[in-house]
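The residues making up each chain are set out below.
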Amino acid sequence: MKKIGVLLCLVALTTGAFASQTDKMEEKVVRKVARAELRVNKQAQQEAKKLLQALENYRNMASKSTPDQTGMILPAIAQVSDIYLANRDGLKKVANKINTPVTFKNGAQMSMTRYIDQFASEMDNLDAFKTALEEDCQAQNGKEAKAQKSAAQVKFEEEIAGFNGDANVIGQYILFNLADPMRKLTDEEATPLAKDYIHYNVNGVSLVQFCERPGVNWHESALDELAAFGERVARLAK
């Protein structure tokens, strides 16, 4: 029995020591990861600070110069370019801020990419920066548009859900709230709305399908109006 007791004590001590050692190793790993993340965060903050300073310098130069004074403007843009391209992955989210139009001394307003396009030459080595900034602005705008579209769809579907599937009331809602405002717009103006509306769902079918076959007891002219709206949405959303 004594041997068993001693053995159990040894096992307990060994297990405790191993657990303690494991805990210490885990603590070291956690501290190491935390220090690495801190270094990354500090570096990101420093680069963001440099970018803000470079942008401020660029805006100041623009306010004191006319667009044709490239000797003042292009070096300031080159400074922004160097920081951006070196840290592009971390700075993509501020692409639109970088490309926000600035006002020059003569009152002209121009975005950075447009300025590079009009006033920089191949010798200025800004083509790669211009391409990267345009791509990142486009991607950022696409994400924002997608988020806005999703929010609009959710709002629409929440509102019509309150009608308990009543096709008559939903049809009137569509005519008053979607079709009427769009009727006053040209095809070009209405296209963004159509590309949004094409994704809307009504009673388990698409908005266009609902407009084709609403299943409501309306006067023929009202049904024609709803159908015409659905056809226009489908045509403009292509």
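Everything quoted here is computed from the prediction, not taken from an experiment.

Caption draft 1: Up close: unusual backbone geometry. Phi angles above zero are rare outside glycine, and Asn125 is one such case at about 55°. If you trace the backbone, Asn125 turns up in the loop between α5 (112–119) and α6 (127–161). At Asn203, a residue that is not glycine, the phi angle is positive and equals roughly 50°. Within the secondary structure, Asn203 sits in the loop between β3 (201–202) and β4 (205–206). For Asn203, a relative accessible area of 43% puts it in the partly exposed group.

Caption draft 2: Fine view of the packing of helix α8 (residues 187–197) against helix α10 (residues 220–236). Direction vectors running N to C along α8 and α10 enclose 95°, while the axes themselves pass 8 Å from each other. It follows that α8 is roughly perpendicular to α10 by the angle criterion. Together, Asp187, Ala190, Thr191, Ala194, Lys195 and Tyr197 of α8 and Phe229, Arg232, Val233, Arg235 and Leu236 of α10 make up the contact between the two elements. Taken together, the residues of the contact of α8 with α10 break down into 6 nonpolar, 1 polar and 4 charged.

Caption draft 3: Looking closely at the packing of helix α2 (residues 70–86) against α5. Orientation of α2 relative to α5, taken along the N-to-C sense of each, is 125°, at an axis distance of 11 Å. One way to sum up the angle between α2 and α5 is to call them oblique. Crossing geometry of α2 relative to α5 is assigned as left-handed. Between α2, through Thr70, Ile73, Leu74, Ile77 and Val80, and α5, the contact on the second element is made entirely by Met112, Tyr115, Ile116 and Phe119.

Caption draft 4: Highlighting the side chain of Asp136. Of note, Asp136 is situated in helix α6. Setting aside chain neighbours within four positions, we find Asp136 in contact with Tyr84, Arg88, Lys92 and Ala95.

Caption draft 5: Fine view of α5. Among all positions of α5, only Met112, Thr113, Tyr115 and Ile116 are buried. Take α5 and look down its axis: the buried residues cluster within an arc of 160°, on one side only.

Reading the values: rules and limits
Residues numbered from 1 in each chain as written. Predicted model: local features only at pLDDT ≥ 70, side-chain atom pairs only at ≥ 80, totals over all residues. Heavy atoms only, no water. Helix = DSSP H or I, 4+ residues; strand = E, 2+ residues; numbered from the N terminus. Buried < 20%, exposed > 50% of the residue type's maximum accessible area, 1.4 Å probe, protein only. Axes fitted to C-alpha atoms, helices over the stretch in contact; angles between N-to-C directions. Parallel < 35°, antiparallel > 145°, perpendicular 65-115°, else oblique. Contact = heavy atoms within 4.5 Å. Nonpolar A, V, L, I, M, F, W, Y, C, P; charged D, E, K, R; others polar. Left-handed = near helix turned anticlockwise from the far one by under 90°. Arc of directions from axis to C-beta.

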